Amino acid sequence: MHSMGPATPIHESPYGSSKVVTGGWRSFSTLCSKPGHDGHRWWYGYVASGQEGWVWGAYLET
C-alpha cells in the first residue's frame, strides 16, 4: 500500500496524456509497474472503491 496526495490523478493507461479515471484518494494498492517513456515508473493498482488504474511513480510515497 502506498500513500499519495489527495489530488493525484489515476489514469486508464500509463501515459500522462491518457484519460483520468479517478483521483482524490489517499491510499493506492499496487499490483505491478512498468517504465514510462520519460524514465519514470508507472504503477498499476487500485483504490479503496475498487477503481483500478495507473499512477505516475513520482506521486507515490511509501
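Note that this is a predicted model, so its numbers are computed, not measured.

Criteria and thresholds
Residues numbered from 1 in each chain as written. Predicted model: local features only at pLDDT ≥ 70, side-chain atom pairs only at ≥ 80, totals over all residues. Heavy atoms only, no water. Helix = DSSP H or I, 4+ residues; strand = E, 2+ residues; numbered from the N terminus. Rg over C-alpha atoms; globule rule 2.2 N^0.38 Å. Buried < 20%, exposed > 50% of the residue type's maximum accessible area, 1.4 Å probe, protein only. Contact = heavy atoms within 4.5 Å. Lys, Arg positive; Asp, Glu negative; His and termini not counted. Charge placed at Lys NZ, Arg CZ, Asp CG, Glu CD. Core = buried A, V, L, I, M, F, W, Y, C linked by side-chain atoms within 4.5 Å. Polar contact = N/O pair within 3.5 Å; in protein donor to acceptor, adjacent residues only side chain to side chain.

Enquirer: When you look at the overall build of the protein in this model, what are you seeing that I'm missing?
Expert: On a plain count of helices and strands, the protein comes out with 0 helices and 7 strands. A compact globule built from 62 residues would reach a C-alpha radius of gyration of about 11 Å, and the protein, at 10 Å, matches this within 12%. Its C-alpha atoms give the protein principal-axis dimensions of about 30 × 25 × 20 Å. Burial status across the protein gives 29% buried among its 62 residues. Taking the contacts inside the protein whose residues are at least 6 apart along the sequence as the reference set, 36% of them involve residues at least 24 apart. One finds the centroid of the 4 positive side-chain charges in the protein at a distance of 1 Å from the centroid of its 4 negative side-chain charges.

Enquirer: What am I meant to see in the nonpolar core here?
Expert: Note that soluble globular proteins tend to have their nonpolar side chains buried in a common cluster. In this structure, M4, I10, F28, V47, V55 and L60 together form the largest nonpolar core, which totals 6 residues. Excluding residues that lie within four positions of it along the chain, L60 makes contacts with H2, S3, M4, F28, T30, W43 and V55.

Enquirer: Sorry, what's going on with the side chain of H11 here?
Expert: Following the sequence through the fold, H11 ends up in strand β2 (residues 9–11). Residue H11 is classed as buried on the basis of its relative accessible area of 6%. Side-chain polar atoms of H11 contact the backbone oxygen of S18, separated by 3.0 Å. Non-local contacts of H11, meaning those with residues more than four positions away in its chain, are made with G16, S18, K19, V20, V21, W42, G53 and W54.

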